[in-house]
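Notes for the structure review
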Amino acid sequence: ALSLASPGPSGSGLQWLPRVEALAGAALDRTSLEDYAAMRDDEERTSKYAAAIRRALDKWSTVRPRGAVVADIGTGPFALLAVIAARAGARRVYAIERSPDAAKRARKLVAEAGLQDRIQVIEGDSRHVELPERVDFIVSELIGNIALGEGVVATIRDARQRFLAADGGEGGPG
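Given the structure is predicted, the values throughout are model-derived calculations rather than measurements.

This brings us to helix H4 (residues 80–87). Here H4 lies mainly inside the structure; 7 of its 8 residues are buried. Restricting attention to buried positions, one finds in H4 the residues Leu80, Leu81, Ala82, Val83, Ile84, Ala85 and Ala86. Immediately beyond the C-terminal end of H4, within one or two residues, lies Gly89, with a positive phi of roughly 120°.

Set out below in structure tokens:
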């Protein structure tokens, strides 16, 4: 097993990361709509995400009375966390998705839900897109066997640096 502490297959440093991320990306591209639906329909899991998002939005409501701005990294074909955030009171949600097919489905679902005025689906790798404004917090449900394989560490680090407002973060205001 590879770890951040191990030198990796190349013998030094973390040079193997891009290959692992590419392999994981290919596997994610093969994730079926049924797999995403199973995750969406897992009531216990989804309700925990919804509760956490509501708690975060409640905290932000004290300093953002018009609603917080949220980024959803890897929104998937159902834009699940983006929809939860918008319905829970987010003023704006930027739902970022790198898969063209998933982004297209997410846009359709957002429109069918009547949330296109609050959720903007942005197609592209979050590390290579720009948002029109800074966000108050980031939600993400990047899937896969190991976080490292999906490049989650680099992706979230980049999102925090480039997308979060100066007073933004996972703990909320204060």
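With that settled, the discussion passes to the sheet that holds strand S3 (residues 119–123). Read from one edge of the open sheet, 4 strands run S3-S2-S1-S4, paired in parallel fashion. Each end of this open sheet is capped by a strand with a single partner; those strands are S3 and strand S4 (137–140). Adjacent strand axes in the sheet meet at a mean angle of 20° when their direction is disregarded. In this sheet, strand S2 (residues 92–97) lies alongside strand S1 (residues 69–73) in parallel orientation, the contact comprising 5 bridges. When the bridges of S2 are listed, Val70 appears paired with Val93.

What counts and what doesn't
Residues numbered from 1 in each chain as written. Predicted model: local features only at pLDDT ≥ 70, side-chain atom pairs only at ≥ 80, totals over all residues. Heavy atoms only, no water. Buried < 20%, exposed > 50% of the residue type's maximum accessible area, 1.4 Å probe, protein only. Helix = DSSP H or I, 4+ residues; strand = E, 2+ residues; numbered from the N terminus. Pairing = 2+ DSSP bridges. Axes fitted to C-alpha atoms, helices over the stretch in contact; angles between N-to-C directions.

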